[in-house]
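Close look at the chain arrangement
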Amino acid sequence: MIEITGIRLNNPTILAAGVMGTTGASLARIAWEGAGAVVTKSIGPEPKEGHSNPSMINLGYGFLNAMGLPNPSYPDFSREIEITKREADVPVIASIFGGNAEEFAIVADGLVDAGPDAFELNVSCPHAQGYGASIGCDACAVEEITAAVCDITELPVWVKLTPNVTDIVSIGKAAQRGGADAVVAINTVRGMAIDIHSGYPVLGNRFGGLSGRAIKPVAIKCVYDLYAALEIPVIGVGGISTWEDAVEMMMAGASAVQIGSAVYDGPEIFRTVADGIESFISSGGYRDTSDIVGLAHRRA
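Residues numbered from 1 in each chain as written. Predicted model: local features only at pLDDT ≥ 70, side-chain atom pairs only at ≥ 80, totals over all residues. Heavy atoms only, no water.

1. Regarding the environment of Ser241
Mapped onto the fold, Ser241 is located in the loop between strand E13 (234–237) and helix H8 (243–252). Measuring from C-alpha to C-alpha, the distance between Ser241 and Tyr264 comes to 10.0 Å, with 23 residues separating the pair along the chain. Ignoring sequence-local partners within four residues, the contact set of Ser241 consists of Arg213, Ala262 and Ile269. (Helix = DSSP H or I, 4+ residues; strand = E, 2+ residues; numbered from the N terminus. Contact = heavy atoms within 4.5 Å.)

Set out below in structure tokens:
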């Protein structure tokens, strides 16, 4: 059992925002598979179809996707959160996005009655024009958006950061100034693939976001830097597919870890990773997970 931003989790694994968070049924299934908490697909102010196919490809060393934030909008998604709360006994974090601070606040306010346990602000999607990373690269915008959501809710507010910036710490500090209870690092890394036989970009959107094993070292470094600079918790995400990956992320400074792409190999990944962390803690002579969070800083 761990506690982060006042929320109790049975273990430090969390479903990352993405394809498995599109319905209450899929969120509940991940909870049944052992996740300590679940994050919904990012939800916005209006229905959005997303980008044309192909929108996701398996590169072998990771995934490249350009979904484009497809979603039914917050009024239609509220029932999915309600279903998850009814079917699964884990915290549900609502991932939300908008084009500006006002839209973020509107979506958060519209979802409060559905009963989420926290909000995760997506200011980091690299392939949705006018949203995500186009906002998350601007420290002033991140601070304003965070403050706007914090003003309309007493629920914990997490801010998901983009690695596609020169200095992620400055963006993390902006989120902290805005009142964020935690930051989540990282979202996908901008990338592209081209079919050498035709010369065409593979993705329908031309470029997208790289996730999976390939980005783990990037995520580790971002978490390490944020942990050293911030006074609020850091939740690590990016390339975690084994319990060893999770322990490494926690030693860099993550209080909990999110898992996304690794669900491709099966939703049992959450129980496997959680059990592995628990065994590592007990066999290593540590009292609990707090003993390994940030350990690399104390050993440096």
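2. Here's the deal with the sheet that holds strand E6 (residues 63–65)
What holds strands together in a sheet is hydrogen bonding between their backbones, with the strands either parallel or antiparallel. Taken together, the four strands give an open sheet; going across it, the order is E5-E6-E12-E11, and neighbouring strands pair in antiparallel fashion. Of all strands in the sheet, those bounded by a partner on one side alone are strand E5 (56–58) and strand E11 (189–192). Here the strands of the sheet are splayed against their neighbours by 35° on average, with no regard to which way each runs. Pairing analysis gives four bridges linking E11 to strand E12 (residues 207–211), with the strands arranged antiparallel. Bridging across to E12, Arg190 finds its partner in Gly209. (Pairing = 2+ DSSP bridges. Axes fitted to C-alpha atoms, helices over the stretch in contact; angles between N-to-C directions.)

3. Quick word on the packing of aromatic side chains
The geometry of an aromatic ring pair is captured by the separation of the ring centres together with the interplanar angle, meaning the angle of the planes. Summed over the entire model, instances satisfying the criterion amount to three aromatic pairs. Put simply, the rings of Trp243, Phe280 and Tyr286 pair up and form one aromatic cluster. (Phe/Tyr/Trp six-rings, centres within 6.5 Å; stacked < 30°, edge-to-face > 60°.)

4. Considering unusual backbone geometry
Cis rather than trans, the peptide bond between Ala185 and Ile186 has omega equal to 15°. Unlike most non-glycine residues, Ser73 shows phi in positive territory, near 85°. With respect to the helices, strands and loops of the structure, Ser73 is situated in the loop between E6 and helix H2 (74–87).

5. Focus: the environment of Thr40
Position of Thr40 among the secondary structure elements: in the loop between strand E4 (37–39) and E5. A relative accessible area of 0% means that Thr40 is categorised as buried. Sequence spacing of Thr40 and Leu121 is 81 residues, and the spatial spacing of their C-alpha atoms is 11 Å. Setting aside residues no more than four positions away along its own chain, Thr40 makes contact with Ala17, Gly18, Gly21, Leu27, Phe77, Ile81, Val92, Ile93, Ala94 and Ser95. (Buried < 20%, exposed > 50% of the residue type's maximum accessible area, 1.4 Å probe, protein only.)

6. Remarks on the sheet that holds strand E9 (residues 157–161)
Reading around the circumference, E3-E4-E7-E8-E9-E10-E13-E14 is the order of the eight strands in this closed barrel, with parallel pairing throughout. Taken over all neighbouring pairs, the strand axes of this sheet differ in orientation by 25° on average, direction set aside. Strand direction decides the pairing type here: strand E7 (residues 92–96) and strand E8 (residues 118–122), joined by four bridges, are parallel. Looking at E8, one finds that Ser95 is bridged to Glu120. Most of the contacts of helix H1 (residues 24–32) go to E4, to which it runs at about 150°, and overall it touches strand E3 (13–15) and E4. Each of E13 and strand E14 (254–259) is contacted by H8, which is oriented at about 145° to E14, the strand it contacts most.

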